[in-house]
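# Secondary and tertiary structure notes
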Amino acid sequence: MLERIVAPSLLAADFACLGDQVAECEAAGARWFHFDVMDGHYVPNLSIGIPVLRSLRAVTSSFLDVHLMIDNPEIFLEPFADAGADLITIHQEVSTHLHRDVHEIRRLGKKAGVAINPSTAASAIAEVLPFVDLVLVMTVNPGFGGQTFIHAAARKATQVRAMADDLGLAHLHVEVDGGVGPDTAPVAARAGADVLVAGSSVFRGPGTIGQNYEAIRRVLEAGT
């Protein structure tokens, strides 16, 4: 079993002090950050992009997991790779040539991920599963932070993990994103996720950023 990772989602951070908040997460033990890119077309929201990623890369050596929720992702693979992404995830629903795009990400020297929305079947990514490093199972409809965890969607993590096991893909990360906090993180972990993206619960929770991060880590450790 892969080590369980809590990845703070920077979508919920205060962008006026992003570097400081990343450092606060790192002081609590975070070494993996989720970087949401939204274009206002594929999803009904705008977020951050290449200049912010480049600035962040300059102040952290942590793993930067870039999630492209955008139309025409193939146009932006190289710019995001050059800006400092460690992993680039694209959506099955929007990539016209998913197999080609996944291989382009790897050609650029980055780890490749593919995401599926709550309404997308796990089987939709079966043909590219041997070529990716991560599958992102969305447990909210993408576009906004702070949404409620969709339990039915989380069950797809179990399906993806079973598909990976059948193919002998022990290295494959299964990531869950959306509505993850102390109450739902164990649900996602039991479903088969080893990377849990947590945004509002970390950056806008009841305690400090470090305390909120540690609260999720504790419930995961208690459940193992």
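A brief report on the enclosed structure follows. On a predicted model such as this, the values are computed, not experimentally measured, just so you know.

Looking only at helices and strands, the protein features 8 helices and 8 strands. Here the C-alpha radius of gyration of the protein, 16 Å, is about what a compact globule of 224 residues would show, namely 17 Å. Along the longest, intermediate and shortest principal axes, the C-alpha atoms of the protein span 45 × 40 × 30 Å. Buried residues in the protein amount to 56% of all 224 residues. Taking as baseline every contact in the protein between residues at least 6 positions apart, the subset at least 24 positions apart corresponds to 64%. When the accessible surface of the protein is totalled, it reaches about 9500 Å², and 52% of it is carbon and sulfur. Considering the protein, the positive charge centre built from 16 side chains and the negative charge centre built from 26 side chains are found 4 Å apart.

Turning next to the pairing of strand β3 (residues 63-69). In terms of burial, β3 is largely enclosed, as 7 of its 7 residues are buried. Burial along β3 is two-sided: the residues Phe-63, Asp-65, His-67 and Met-69 and Leu-64, Val-66 and Leu-68 are all buried. As a crossover connection, the stretch from strand β2 (residues 32-38) through helix α2 (residues 50-57) into β3 is right-handed. Direction of pairing for β3 relative to strand β4 (residues 87-91): parallel, over a ladder of 4 bridges. Among the inter-strand pairings, Val-66 is bridged to a residue of β4, identified as Ile-88. For the segment spanning β3, helix α3 (residues 77-83) and β4, crossover handedness is right-handed.

This brings us to the nonpolar core. Ranked by internal contacts, the top residues of the largest apolar core, which has 64 residues, are Leu-68, Ile-88, Val-135 and Leu-172. In this structure, Leu-87, Leu-136, Val-140 and Val-195 belong to the second largest nonpolar core, which totals 12 residues.

The rules we used
- Residues numbered from 1 in each chain as written.
- Predicted model: local features only at pLDDT ≥ 70, side-chain atom pairs only at ≥ 80, totals over all residues.
- Heavy atoms only, no water.
- Helix = DSSP H or I, 4+ residues; strand = E, 2+ residues; numbered from the N terminus.
- Rg over C-alpha atoms; globule rule 2.2 N^0.38 Å.
- Buried < 20%, exposed > 50% of the residue type's maximum accessible area, 1.4 Å probe, protein only.
- Contact = heavy atoms within 4.5 Å.
- Areas by Shrake-Rupley, 256 points an atom, 1.4 Å probe, with all protein chains shown as cover.
- Lys, Arg positive; Asp, Glu negative; His and termini not counted.
- Charge placed at Lys NZ, Arg CZ, Asp CG, Glu CD.
- Right-handed = clockwise from strand over helix to strand, strands pointing away.
- Pairing = 2+ DSSP bridges.
- Core = buried A, V, L, I, M, F, W, Y, C linked by side-chain atoms within 4.5 Å.

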